[in-house]
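Structural description and commentary
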Amino acid sequence: MSLLSRLFIPVLVAILPAIGFGIFDEFDARSTAGANVRAEAAQLRDTIQAEQARVFDGIRQTALLVAASAAVRDGDSHGCQAFLDRSAAALPREQIISVTDRVGTVVCSSRPDQVGRPLGSRFDLMAALKTDRFLVGDYIRMGASGAALPFAVRYQGSDGQVRGIVAVMLDVAWWKTDRSFTGLPENVSLTVADRTGTILARRPDPADQAGRSAVGRTLENLAAPGVPADSPVVQATVQPSASPQGLFIGVGIDPRDIQRGLDSATLRRVLFLTGGLAAALLAAAFLGQRFIRRPVSALVEASARWGAGDYRARVGLSDDRSEFGVLARAFDAMAEALERREKERGVVDDTARKMAAVLESSTDGICEIDRDWCISFMNGRARAIVDPDRDMIGIPLFEVFPEAAGGLVQRECERAMAERVPVSFEEYFGVHDRWLSIRAFPTSDGLMICFQDVTEGRRADQHSAWAEAHNRAIVSTAPDGMVVIDERGVIQSFNPAAERLFGYQSGEIVGCNVTVLMPERDRAVHDGYIWNYRHGADRNVIGKGRKLEGRRKDGSTFPLELSVAEWKDGCRRFFTGFMRDVTVRHEADAVVKAARAESEQAVLSKSRLLAAASHDLRQPVQSLLFLSAALADGLRGHPMLPLAGSIDQATDALKRLLDGLLDISRLDAAAVTPRITVFPADTLVGKVSAEYGQRAERQGVSLRTVGCSMRIASDPALLETILRNLIENALRHTTQGRILIGCRRVSGTLRIDVMDTGIGTTPGWSDSFAQCPDGGEGMGLGMAVVRRLAALLGHRITVESAPGHGSRVSVEVPLVDLPCPKRSTTEEVAAAAEERHDPDTRGLVVILDDEAIILMGLRVLLESWGYQVISAMSLDEAVQQVADGTRSPDLIVADYRLADGNTGPEAIDAIREIAGPGIPGIVLTGDTAPGILDRVGRRGFGILHKPVAANDLHRIVLEYVEGGAEARQIPTSTAALTM
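Residue positions are counted from 1 within each chain, in the order its sequence is given. Given that the model is predicted, a residue must reach a pLDDT of at least 70 before its local features are reported, and side-chain atom pairs must reach 80 or more before they are shown or counted; all residues, however, enter totals for whole chains, interfaces and linings. Values shown for side chains rest on all heavy atoms present in the structure; no hydrogens or waters enter the calculation.

Looking now at the overall build of the protein chain. When helices and strands are counted, the protein chain shows 28 helices and 32 strands. Counting over 979 residues, the protein chain shows a buried share of 42%. In the protein chain, the share of contacts with a sequence separation of at least 24, taken over all contacts with a separation of at least 6, comes to 58%. Accessible surface, the protein chain: about 51,200 Å² in total, of which carbon and sulfur atoms supply 55%. The numbering of helices and of strands both runs from the N terminus, where a helix is a DSSP run of H or I of at least 4 residues and a strand a run of E of at least 2. When a residue's accessible area, from a 1.4 Å probe over protein chains only, is under 20% of the maximum for its type it is buried; when over 50% it is exposed; and in between it is partly exposed. The criterion used for residue contact is that any of the two residues' heavy atoms lie within 4.5 Å. In short, Shrake-Rupley with a 1.4 Å probe defines the accessible areas, and a residue's cover is counted only from the protein chains shown.

Now the structure itself:
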């Protein structure tokens, strides 16, 4: 019999008592199952009763809370209803709270449809009026299909008298969703009934033959719940007299389920015992395999591998306390001894191979010679240096290197061999054109010689020496002073040019601080500059020229130009300063500066002269404009009308030329101060486009504007002048086609474009005062004014043009990101005025000017437009004529300078005092001084700068007289430059 067969017998003997204990336990379990089931039913009954008590106690607390509310105690039915309406959302939906009076009528309820319902016939509820206890009533039906269990508690009024009851109706459907019902096992039945035996809840609830539920029926009419009437059950009950709520609770468990459970347990025990027996037999087989057959097989296999020469084989048994383990340890000890001897032999061989590999891979040439001076070893690097195609093992050293015989190599190697000391040296081998660094080490067998090719290093050293000599020659012959300092400011070198510059010799200045070359006022801060630079500040001084003063040895100072370069020598930082004496240059610059200042002063004087003469120059031109316009109106239909038109064109050209000259003079004289404000771009663009629209139409050119809703920051008057000049140029150069004025947002700015399809220009024309490229009228003064105004405002002007393809001139204005409302343009206001007024009923205009010729031309011009005119040369004359008249003026136009030292604003105020404060006023002046314009602007008057064109005057007068208050808010300046 094998070892495994013998192992099965004690296993079977050990399992037989366990089988006997299992049979006894089965009989005991069946005898105690009935008692356990009854205990389980009682426990379920108690749990259900406790859960219902918890819910009923919550209902009691709710009823007491309602009874204690102020509205209920005071008998306020409306307040009570409002209180219950607010509380309805927090109540469970299966609960209804109602408050009754003493006779049982519901006065308020959480369900308003219950108000007015009588509960006086419910004696089980009305009994609460006679006791302080919380009463549970009997089953009550509510509506066609609903039913509830009622609860009641009385409440007292503020006077202490009983006023009625608070009734809570609990829908019997609550039991179907309560966890005490839903959480019961499938084999458990439950019945809940009130004191009268009416069933409130039943689980399960099979319908009778008529399909009715058991709820609402009495217990006498039903069989035992959940099972047939003849089936035995184990029940636990609570009678109404023993229940705190007066309810009957019955719990039943189907005994067939109990029997099925016992049968299942018996089957499990049988299966368990059978499985245990099988597991024991399998365990016996497994353990026999593991602890008997496997160790024996491991010993046999290890012996076979040792016999084959594999000394790394081990038995590898983890059990070292059994007989098999002791035998395995003996086998393993023998194998380890054999393996150790094999490893020691392998280490020796491996060390030899590694040493040969190291010597072979070395970057140095290595050869070994014996005591007979014959080569016994030479690595690949040595063979590559000497002769890669020759086998030199066994050949004498000086036969391989014949040029070394009798020289330094032989002497040093013989010394190392004789004295047994290492030697090192460098030698040049002409045959190989190489410099070799040689080191010889004595060994037990002779010498080991290591040599390295240092030819490149030798040549690099020679090149460095040459470069250093070259750089020294450059530094010594440089015309500029060159001073090198370290991080502490100590001078390291001082070239000859620096010696000549400062008067110091290199020997006496090297090692001193560089501050000795500076004036006293600069010495204290120089070391701080170096410290700041080393710590990250003032980095912009490197590589940039600076002008400062130097101090010579004799104490004198001189201007010099300094640039600094930074460089490093390993971890040390140095600064090289390149210095040049600029005394001669400063003297020449001073002469040039004086000449330039003299020239600029002459130009400034000329410009100031023209600016001061602005008023006197504008007056006669204004007269010509008014008279030529009046003449043209008077010659309508006359053969001489074309001649009058030619005169008008000539005076208009003269006006533009004069405006340009005076504007340039004022800009050159710095007499213009911009006043930057934020305003909507479409107001300015719309205004100038409306003013030039009719002129473009008469010329046969389409003028179109693309508006925008952006605000810009600029001087509106100066920017208007720029746009007017650009539009004038576009009209002058475009005889047919179209002109477009548009806006585009570009990188934080608003670019206002004036584009035309005219003749175009050649590059550079806009930067000069040359004649217009088309040979037409006018000079290139408009663009000169635009360039100066843009520079004054800080706006960028760009011009794109090509001959025959039109032009685009753009001005870029700072953008303010605020949207602006849409406003009416000047053209819209004027059109509205034309529609509101009949041209035959023009208004009355008062005009004042101390120049008779201008006064006459202005009167004739206004009368030709259909206006009534009062003209005067002085304030007193104008006031007298207005006072004698029967009609109040509609507009006052006054020159700024009047007779007797009076001004136009004073005349307007005087006329307003006698004719009315709301009369608009316009000041017509040839002065452009900023102080005058400020004073007029603060008074709220419009400003017209002479010379003003007749068409512009007609439009503005029309706006002021017939356009209403909206038109008077529009700026009225039409000068080429408003300042």
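This next bit is on the pattern of salt bridges. Whenever a carboxyl oxygen of Asp or Glu lies within 4 Å of a side-chain nitrogen of Lys or Arg, that contact is scored as a salt bridge. Evaluation of the coordinates by the stated rule reveals 28 salt bridges. For Asp 453, the salt bridge goes to Arg 434, with nearest N and O atoms at 2.4 Å. Taken as a pair, Asp 453 in strand E15 (residues 446–453) and Arg 434 in strand E14 (residues 434–442) lie far apart in primary sequence, 19 residues in all. Judged by its relative accessible area of 24%, Asp 453 falls in the partly exposed class. By relative accessible area, which is 25% here, Arg 434 ends up partly exposed. Here Arg 552 ties to Asp 581 by a salt bridge, and the two come within 3.7 Å at their closest N and O atoms. Of this pair, Arg 552 sits in the loop between strand E18 (546–551) and strand E19 (557–569) while Asp 581 sits in strand E20 (residues 572–581); the two residues are 29 residues apart in sequence, bridging distant segments of the chain.

In this fold, Thr 734 is placed in the loop between helix H20 (716–733) and strand E24 (737–746). On the basis of relative accessible area, Thr 734 is assigned to the buried category, the value being 0%. Polar side-chain contacts of Thr 734 include one of 2.8 Å to the backbone oxygen of Ala 730. In this structure Thr 734 touches Gln 699, Val 701, Ile 739, Asp 756, Thr 757 and Gly 758, once residues within four positions along its chain are discounted. By the criterion applied in these results, polar contacts are pairs of N or O atoms within 3.5 Å in which, for protein atoms, one can donate a hydrogen and the other can accept it, and in which residues neighboring in sequence qualify only through two side-chain atoms.

To continue, consider the confidence of the model for the protein chain. A score between 0 and 100, pLDDT records how confident the predictor is in each residue. Chain-level pLDDT for the protein chain is 77 on average; 77% of the residues reach the 70-or-more range. Overall, residues 223–232 carries pLDDT values under 50, and its contacts beyond four positions in sequence, including any with other chains, amount to 15 contacts. Ignoring residues within four places in sequence, the model shows residues 765–779, a span with pLDDT below 50, making 37 contacts including any to other chains.

Right, let's get into unusual backbone geometry. Even without being glycine, Trp 373 reaches a positive phi, approximately 65°. On the secondary structure map, Trp 373 appears in the loop between strand E11 (365–370) and strand E12 (375–378). In the Ramachandran plot, Ser 747 falls in the positive-phi region, its phi being about 50° despite a non-glycine side chain. One can find Ser 747 in the loop between E24 and strand E25 (749–756).

This part is about the sheet that holds strand E31 (residues 921–925). In short, DSSP must find at least two bridges between two strands for them to pair. Judged by pairing direction, the sheet is parallel, and its five strands sit side by side in the order E29-E28-E30-E31-E32 without closing on themselves. Since the sheet does not close on itself, it has two edges, and those belong to strand E29 (868–872) and strand E32 (942–945), each with one partner. Averaged over all pairs of adjacent strands, the angle between strand axes in this sheet comes to 20°, irrespective of strand direction. With four bridges joining them, strand E28 (residues 844–848) and strand E30 (residues 891–895) adopt parallel strand pairing. From the neighbouring strand, Leu 848 faces E30, where its bridge partner is Ala 894. Orientation is described by lines fitted to C-alpha atoms, with helices fitted over the stretch in contact, and by angles between N-to-C directions that extend from 0 to 180 degrees. Sheet strands in contact with helix H23 (residues 852–864) are E28, E29 and E30, and its direction is about 170° off that of E29.

The next subject is the nonpolar core. Take the buried residues of types Ala, Val, Leu, Ile, Met, Phe, Trp, Tyr and Cys, join any two whose side-chain atoms come within 4.5 Å, and each joined set is a nonpolar core. By size, the foremost hydrophobic cluster in this structure holds 43 residues, and its most contacted members are Phe 56, Val 99, Phe 151, Val 166 and Trp 175. Ranked by residue count, the leading element in this core is helix H1 (residues 3–67), at ten residues. Val 688, Cys 708, Ile 727 and Val 813 belong to the second largest nonpolar core, which has 34 residues in total.

To continue, consider the state of the cysteines. Disulfide assignment relies on a single distance test, namely cysteine sulfur atoms paired within 2.5 Å. Per the stated rule, a full pass over the model turns up one disulfide. Linked covalently through their sulfurs, Cys 80 and Cys 108 form a disulfide whose S-S length is 1.8 Å. Judged by the sign of its S-S torsion, about 45°, the bond between Cys 80 and Cys 108 is right-handed. Of the two residues, Cys 80 is situated in helix H3 (residues 77–88) and Cys 108 in strand E2 (residues 106–109); the sequence distance between them amounts to 28 residues. The same class applies to Cys 80 as to Cys 108, namely buried. Looking at Cys 708, it has no disulfide partner, and the nearest cysteine sulfur is the one in Cys 743, 3.5 Å off.

Here a pair means two rings of Phe, Tyr or Trp (six-membered ring of Trp) with centres within 6.5 Å. Their orientation is stacked below 30 degrees between planes, edge-to-face above 60, and tilted elsewhere. By the definition in use, this model includes nine aromatic pairs. Between Phe 134 and Phe 151 the ring centres are 5.6 Å apart and the planes differ by 5°, which places this aromatic pair in the stacked class. Of the two residues, Phe 134 is situated in the loop between helix H4 (123–126) and strand E3 (135–136) and Phe 151 in strand E5 (residues 146–156); the sequence distance between them amounts to 17 residues. Note on Trp 567 and Phe 574: the rings are 4.8 Å apart at their centroids and 25° apart in plane angle, and the pair reads as stacked. The exposure class assigned to Trp 567 is partly exposed, which follows from its relative accessible area of 36%. By way of ring pairs, the aromatic residues Phe 56, Phe 134 and Phe 151 are connected into one cluster. Charges are assigned to positions over rings by a cutoff of 6 Å between ring centre and Lys NZ or Arg CZ, combined with an angular limit of 35 degrees from the ring normal. A cation sits over an aromatic face here: Arg 458 above Trp 435, 3.9 Å from the ring centre.

Another point: the sheet that holds E19. Note on sheets: strands pair through backbone hydrogen bonds, and any given pair is parallel or antiparallel. With antiparallel pairing, five strands are arranged side by side in an open sheet as E17-E16-E20-E19-E18. Only two strands of the sheet have a single neighbouring strand rather than two, namely strand E17 (491–494) and E18. Within this sheet the neighbouring strands show an average axis-to-axis angle of 35°, counted without direction. Alignment of strand E16 (residues 481–486) against E17, held across three bridges, turns out to be antiparallel. Bridge pairing in E17 places Val 484 opposite Ser 493.

Their axes nearest at 10 Å, the elements helix H19 (residues 681–699) and H20 cross at an angle of 20°. Between H19 and H20, the crossing angle belongs to the class labelled roughly parallel. Both H19 and H20 take part in a crossing whose hand is right-handed. Seen from H19, the contacting residues are Leu 684, Val 685, Lys 687, Val 688, Glu 691, Tyr 692, Arg 695, Ala 696 and Gln 699; seen from H20, they are Pro 716, Leu 719, Glu 720, Leu 723, Arg 724, Ile 727, Glu 728 and Leu 731. Gly is placed with the polar residues, together with every amino acid not listed as nonpolar (Ala, Val, Leu, Ile, Met, Phe, Trp, Tyr, Cys and Pro) or charged (Asp, Glu, Lys and Arg). Of the residues in the contact of H19 with H20, the class split is ten nonpolar, one polar and six charged. Orientation is classified from the angle alone, with under 35 degrees giving roughly parallel, over 145 giving roughly antiparallel, 65 to 115 giving roughly perpendicular, and any other angle giving oblique. By definition, any crossing whose near helix is turned counterclockwise from its far helix by less than a right angle is left-handed, and any crossing with a clockwise turn is right-handed.

Let us look at the pairing of E14. Sheet topology places strand E13 (residues 423–429) next to E14; seven bridges connect them, and they run antiparallel. Residue pairing for E14: Glu 426 is matched across the bridge by Ser 437. Counted between consecutive antiparallel strands, the loop separating E13 from E14 contains four residues, among which Asp 433 sits at a positive phi close to 50°. Direction of pairing for E14 relative to E15: antiparallel, over a ladder of seven bridges. Across the sheet, residue Ala 440 finds its bridge partner in E15, namely Ile 449. What sits between E14 and E15 in their antiparallel hairpin is a turn of three residues.

Summarising the element assignment, Ser 437 is placed in strand E14. Classification of Ser 437 by relative accessible area gives buried; the value is 18%. In this structure Ser 437 touches Phe 425, Glu 426, Cys 450, Phe 451, Gln 452 and Val 454, once residues within four positions along its chain are discounted.

Attention now moves to the environment of Ala 41. Relative to the helices and strands, Ala 41 is located in helix H1. Here Ala 41 falls in the buried class, since its relative accessible area comes to 0%. C-alpha of Ala 41 to C-alpha of Val 251: the two residues are 210 residues apart in sequence and 6.1 Å apart in space.

What follows is about the packing of helix H24 (residues 875–884) against helix H25 (residues 904–915). Their axes nearest at 10 Å, the elements H24 and H25 cross at an angle of 20°. Considering the angle they form, H24 stands roughly parallel to H25. The hand of the H24/H25 crossing is right-handed. For the pair H24 and H25, contact is made by Leu 875, Ala 878, Val 879, Val 882 and Ala 883 and by Glu 906, Ala 907, Ala 910, Ile 911, Ile 914 and Ala 915, respectively.

A word on the environment of Val 188. Relative to the assigned elements, Val 188 resides in strand E7 (residues 188–193). Distance from Val 188 to Val 251, taken between C-alpha atoms, is 7.0 Å for residues 63 residues apart in sequence. Setting aside its immediate chain neighbours within four residues, Val 188 contacts Leu 44, Arg 203, Val 251, Gly 252 and Ile 253.

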